[in-house]
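Summary of the model geometry
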Amino acid sequence: MKVLLVGSGGREHAIAKAFYNSGYEPKLFCVSELVNPGINRIVKETGGEYYVGNPNNPETVFQTAARAGVDFVFIGPEEPNFRGVPDKLEEEGIPCIGANREVAEIEMSKASMRDLQWKYMIPGRLWYKKFKTFEEAVPYVEEYAESVALKPARQVGGKGVKVIEDFQVYLKEEKKRVKKKHVESIYRDYMKGYDDVDFKILIEERVWGPEYTLQCFTDGRTVIPMPAVQDNKHAFDGDLGPETGGMGSIACGMNLKWSVNDDRAILTEEEIEKSTEIVRMMVEAIQKETGRKYHGVVAGQMMLTSIWGPTIIEMYSRLGDPEALNVLAVLKTDLVEICEAIISEKLNTIRVEFEEKATVVKAVSPEGYPLNRDLAKGHPAIVDEEEGVFWASAHLREDGVVETGGSRLIECLGVAESIPEASLIAERLTSKARLADGWGLFHRSDIGSEKSLERRIMLANMAREIYKYRERKGILGKRIIWIPGKGLEEVG
Ligand code: GLY
């Protein structure tokens, strides 16, 4: 058996490892712009080949798959989905684990995702407005005096989201100015060069609660959830600093338990069931809308809010990074078996099982990431490749030197009985990387610590108390908001 993997980050190294551990012993091939040293080793050991090429180009990926004669292709990142790589492969008769262009719209266009959710009345609907230009958005930014999340309306690598609280009346004018400035930078900077969506700016009501990612396998008929994972997006300890692609993630059991033998958890089993149902409804809705089947991984990047309980913040049309490491580390079922069941649309005939273990991932990044990636790029890296160390944004040059790629350099995985124990294992592994030119590396120490876990459980309890009250009173998801130009409206 031969498999082509598309992409070269930490997520793809974890996927490569899952294929390496498969009983089917596939030969692994990879296509990407950077040569990830960890994936490269697996490719060589299994007798495959590593091709340097643009993973977002449908023709390049198709030619690579055809030349290697692979049985199927597994797409790691989102951008190849947005560019129609799975469509091209399927047209050419090569099976693919990856969402085709039309169904991947639920990730690519955050505005279309919200439209779909409201059209099909899927629970967890947030109030939103979408805009094609900066000028159109200005009156809303100036008049709407509530806390908001300002977002690029397209997925642009997890960047550009800003939440602005609007509680202090004395800062009203200042906040207006900050909102306007950010909306302008969404339009002019973050969305620059993205002409594949009509709407450029999304303004959503601000909600609070613990976030989590619910990744699911789907063949378009069946949706199978993986353990919920909590990613930590901010660069520095205590959730400070700019948002990154994810500085680390935690998981235990299906519902983010403290430990295997401890029932304290961020989520309840009922909340996992509701979240899975929401993701399933989204898959059904996008298939109905497009007439296309969804083959691959779909994920709800969710929040337990006081308004709705489980609420979609965004959708992913692929595994999360680093969230993939948490789930693949405990996946008991053979990944090849799952891929074949997706391709043949028989996911309902297999049992997808996960070991009940705690997992914690900590990413180590060069200084400069995420705001000045040029500064974080091109440094010679030395890494002791112990079990649990995954290469992420790194490039193995022909002379054998490994250079930083400008994003997270390595992702360190700890597996244990409890999240705090797994956190200590991952913490130890973060010291395995250094840069030969003395440039600095950083990571977050607090991910999975007892203190941070306690705080997140407390936040979940607060949100749960309120949404359960709303549920009892029959007002789940109902609220009255003031819409500029319209006045007060009941939404929900
Ligand atoms: N961890 C965030 C993402 O995969 O986009």
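For the structure itself, consult the block above.
Predicted model, so just to flag it, every value in this text is computed and none were measured.

Calculation notes
- Residues numbered from 1 in each chain as written.
- Predicted model: local features only at pLDDT ≥ 70, side-chain atom pairs only at ≥ 80, totals over all residues.
- Heavy atoms only, no water.
- Helix = DSSP H or I, 4+ residues; strand = E, 2+ residues; numbered from the N terminus.
- Contact = heavy atoms within 4.5 Å.
- Areas by Shrake-Rupley, 256 points an atom, 1.4 Å probe, with all protein chains shown as cover.
- Axes fitted to C-alpha atoms, helices over the stretch in contact; angles between N-to-C directions.
- Parallel < 35°, antiparallel > 145°, perpendicular 65-115°, else oblique.
- Left-handed = near helix turned anticlockwise from the far one by under 90°.
- Near = heavy atom within 4 Å.
- Polar contact = N/O pair within 3.5 Å; in protein donor to acceptor, adjacent residues only side chain to side chain.
- Nonpolar A, V, L, I, M, F, W, Y, C, P; charged D, E, K, R; others polar.
- Buried < 20%, exposed > 50% of the residue type's maximum accessible area, 1.4 Å probe, protein only.
- Pairing = 2+ DSSP bridges.
- Arc of directions from axis to C-beta.
- Salt bridge = Lys/Arg side-chain N within 4 Å of Asp/Glu carboxyl O.
- Patch = residues over 30% accessible without salt bridge, like charges linked within 9 Å, V, L, I, M, F, W, Y side chains within 5 Å.

Looking at the overall build of the protein
Looking only at helices and strands, the protein features 15 helices and 29 strands. Overall, the C-alpha framework of the protein stretches about 65 × 50 × 50 Å when taken along its three principal axes. Within the protein, residue pairs in contact and separated by at least 24 positions form 68% of the contacts whose partners lie at least 6 positions apart. Here the protein has roughly 19,700 Å² of accessible surface; of this, 49% comes from carbon and sulfur atoms.

So, the packing of helix α1 (residues 10–20) against helix α2 (residues 37–45)
Their axes nearest at 9 Å, the elements α1 and α2 cross at an angle of 25 degrees. By the angle class used here, α1 and α2 are roughly parallel. For the crossing formed where α1 meets α2, the hand is left-handed. Residues E12, H13, A16, K17 and Y20 of α1 form the contact with α2, whose own contacting residues are G38, I39, I42 and E45.

Focus: the site of the ligand
D231, K233, G245, Y316, R318, G320, D321, P322 and E323 make up every residue found near the ligand. At 2.9 Å, a backbone N or O of D321 approaches a nitrogen atom of the ligand. Interatomic distance of 2.8 Å between a side-chain N/O atom of E323 and a nitrogen atom of the ligand. Taking 200 Å² as the accessible area of the ligand by itself, protein coverage stands at 89%. Among the residues making up the shell around the ligand, the classes are represented as 2 nonpolar, 2 polar and 5 charged.

Focus: the pairing of strand β15 (residues 248–252)
Of all 5 residues in β15, 5 are buried, a share of seventy percent or more. Here β15 shows two buried faces, one formed by G248, I250 and C252 and the other by S249 and A251. Note: β15 against strand β20 (residues 358–366), 5 bridges, orientation antiparallel. Bridging from a neighbouring strand, S249 pairs with V361 of β20.

What about the sheet that holds strand β1 (residues 2–6)?
Sheet strands pair by backbone hydrogen bonding; their relative direction is either parallel or antiparallel. If you walk across this open sheet you meet the 5 strands as β3-β2-β1-β4-β5, and the pairing is parallel. The open sheet has two edge strands with one neighbour each: β3 (50–52) and β5 (96–97). The pairing of strand β2 (residues 27–32) with β3 spans 3 bridges and is parallel. Counterpart to C30 in the pairing with β3 is Y50.

A few points about the sheet that holds strand β10 (residues 211–218)
Spatial ordering of the open sheet is given by β11-β10-β18-β19, a layout of 4 strands whose pairing is antiparallel. Sheet topology places β11 (223–225) and β19 (309–316) at the edges, where each strand pairs with a single neighbour. Here the average twist between neighbouring strands, direction ignored, is 35 degrees. As paired elements, β10 and strand β18 (residues 296–305) share 8 bridges and run antiparallel to each other. Within β18, the position partnered with T218 by the bridge is G296.

So, the side chain of T218
Here T218 is to be found in strand β10. Relative accessible area serves as the criterion here: at 0%, T218 is assigned to the buried category. Only 2.9 Å separates the side chain of T218 from the backbone oxygen of T222, close enough to count as a polar contact.

Points about helix α14 (residues 419–429)
I419, P420, A422, S423, A426 and L429 are the residues of α14 that are buried. When α14 is viewed along its axis, its buried side chains cluster within an angular range of 165 degrees and face the same direction. Residues of α14 that are buried make contact with β15, β16 (257–259), β20, β22 (389–391), β25 (410–416) and α15 (450–473).

Re the pattern of salt bridges
In total, this model carries 49 salt bridges according to the counting rule given. With a shortest N-O distance of 3.8 Å, E135 and R188 are connected by a salt bridge. Placement of the pair is E135 in helix α8 (residues 134–143) and R188 in helix α9 (residues 172–190), with a sequence separation of 53 residues. Where D262 meets R264, a salt bridge forms, and the shortest distance between an N and an O atom there is 2.7 Å. Judged by relative accessible area, which is 40%, R264 ranks as partly exposed. A single network of salt bridges, built from pairs that share partners, joins K110, R114, K151, E204 and E314.

Describing the environment of S147
Looking at the secondary structure, you find S147 in the loop between α8 and β7 (148–152). Remark: the alpha-carbon pair of S147 and K357, spanning 210 residues in sequence, is separated by 38 Å. Once you skip the residues sitting within four places of it in the chain, S147 turns out to touch I164, E165, D166, F167, E205 and R206.

Observations concerning a nonpolar patch on the surface
Among the surface-exposed residues, I480, W482 and L488 lie close enough to one another that they form a single nonpolar patch of about 340 Å² accessible area. Inspection of the secondary structure assignment puts I480 in strand β28 (residues 479–483).

Describing unusual backbone geometry
For the peptide bond that leads from D321 to P322, omega is 20 degrees, which places it in the cis range. In this structure, P370 follows Y369 across a cis peptide bond, with omega equal to 5 degrees. Structurally, P370 can be placed in the loop between β20 and α13 (373–376). A positive phi angle, near 60 degrees, is found at L256, a position not held by glycine.

Digging into the packing of α8 against α9
Viewed as axis vectors pointing N to C, α8 and α9 meet at an angle of 160 degrees, and their least axial separation amounts to 10 Å. Classified by the angle between their axes, α8 and α9 sit roughly antiparallel to one another. Judged by the sense of rotation from one axis to the other, the crossing of α8 with α9 is right-handed. For the pair α8 and α9, the contacting residues are F134, E135, A137, V138, V141 and E142 in the first and K176, K179, K180, V183, E184, Y187 and R188 in the second. Of the residues in the contact of α8 with α9, the class split is 6 nonpolar, no polar and 7 charged.

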